[in-house]
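# Geometric and topological summary
Residue-level listing of the chains:
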Amino acid sequence: MALGIAAAVPYIAVKSYWAAGGRAGLADGFDVADEFTRNGAPDALVWLEQHGVDFTAVLALTGLALACALVRPWGRHLPRRPLLVLACAGTLLVPYGLLTALLALTGNDGSAGTPITGWIAPAGVGAFLGIGTALGVGAWSHRHPEHRRTTGARAAGPSPRG
């Protein structure tokens, strides 16, 4: 779990930095909110980006919170099936991360400039792989309680006090 969180922190930090107006890692003249608009993103997401909130950073934080809920004792108080459905859907970030890594390694076809510089791709790949893997491990742990142990928990059996 900690590795998944550590892998996602650079991505969340960079995306939040960009939403706050930072330019490091972006190609000259590239604007994230304008790109959202060109790609047909809902007005609400464009508005959030223009006001310092990147929805992908929020989604990454949500994914990490979900992964934590799957393995922490407080998560047992949440509805099990919706947690597992969301976690299983989130594991699709693993192939997405692998595809992102492949595209970053092979580069583009030279027909258009890339909007981000090379050092940003590893942050995205790490986040996608980290969050997706953490959700998969968390879902496995939550689905198979025999693999889940908490501090001070005892195996099922007769009470020592009889």
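Everything numeric in this text was worked out from a predicted model, so none of it was measured. Residue positions within a chain follow its written sequence, with the count starting from 1. It should be noted that, the model being predicted, local features are given only for residues of pLDDT at least 70 and side-chain atom pairs only at 80 or more, the latter also being counted only at that level, while totals for whole chains, interfaces and linings use all residues. With hydrogens and water stripped out, all remaining heavy atoms of the structure feed into the side-chain values.

## What about the overall build of the chain?
Within the chain one finds seven helices and zero strands. Only runs of H or I of at least four residues qualify as helices and only runs of E of at least two qualify as strands under DSSP, and these elements are numbered from the N terminus. Counting from the amino terminus, helix and strand elements in the chain follow one another as α-α-α-α-α-α-α. Out of the 162 residues in the chain, the part that is buried amounts to 32%. Here, residues are in contact when the closest pair of their heavy atoms is within 4.5 Å. When contacts within the chain are restricted to residue pairs at least 6 apart in sequence, those whose partners lie at least 24 apart make up 72%. For the chain, the accessible area works out to roughly 10,200 Å², and carbon and sulfur atoms hold 66% of it. Exposure is judged per residue with a 1.4 Å probe applied to protein chains only, and the accessible area is read against the type maximum: over 50% gives exposed, under 20% gives buried, and values in between give partly exposed. Areas reported as accessible are Shrake-Rupley estimates using a 1.4 Å probe. Residue values count occlusion only from the protein chains shown.

## Thoughts on the environment of G4
By secondary structure assignment, the location of G4 is in helix α1 (residues 2-19). In sequence terms G4 and G132 are 128 residues apart; their C-alpha atoms lie 8.1 Å from each other. Each residue touching G4, except ones within four places of it in the same chain, is listed here: L64, G130, I131 and A134.

## Remarks on a nonpolar patch on the surface
Surface patches are drawn from residues lacking salt bridges whose relative accessible area is over 30%; two like charges belong together within 9 Å, two nonpolar side chains (Val, Leu, Ile, Met, Phe, Trp, Tyr) within 5 Å. Put simply, a salt bridge is a Lys or Arg side-chain nitrogen that is within 4 Å of an Asp or Glu carboxyl oxygen. On the surface, M1, I5 and V9 cluster together into a nonpolar patch covering about 220 Å² of accessible area. Along the chain, the position of M1 falls in the segment before α1.

## Notes on the environment of G25
Position of G25 among the secondary structure elements: in the loop between α1 and α2 (32-38). Residue classification places G25 among the buried positions, given a relative accessible area of 9%.

## A short note on the packing of aromatic side chains
Any aromatic ring pair is given by two values, namely how distant the centres are and how the planes are angled relative to each other. In summary, the pairing rule links any two rings of Phe, Tyr or Trp, Trp by its six-membered ring, whose centres are within 6.5 Å, and it sorts them by plane angle into stacked for under 30 degrees, edge-to-face for over 60 and tilted for everything else. Scanning all chains against the criterion turns up three aromatic pairs. An aromatic cluster is defined as three or more aromatic residues linked by ring pairs; in this entry it consists of Y11, Y96 and F128.

## What about the pattern of salt bridges?
Under the counting rule described, the total for this entry stands at two salt bridges. Close ionic contact of K15 with D54 constitutes a salt bridge, the shortest N to O distance being 3.7 Å. One end of the pair, K15, is in helix α1; the other, D54, is in the loop between α3 (43-50) and α4 (55-71), and 39 residues separate them in sequence. Neither residue differs from the other here; K15 and D54 are each classed as buried. Between E35 and R38 there is a salt bridge; the shortest N-O distance is 2.7 Å.

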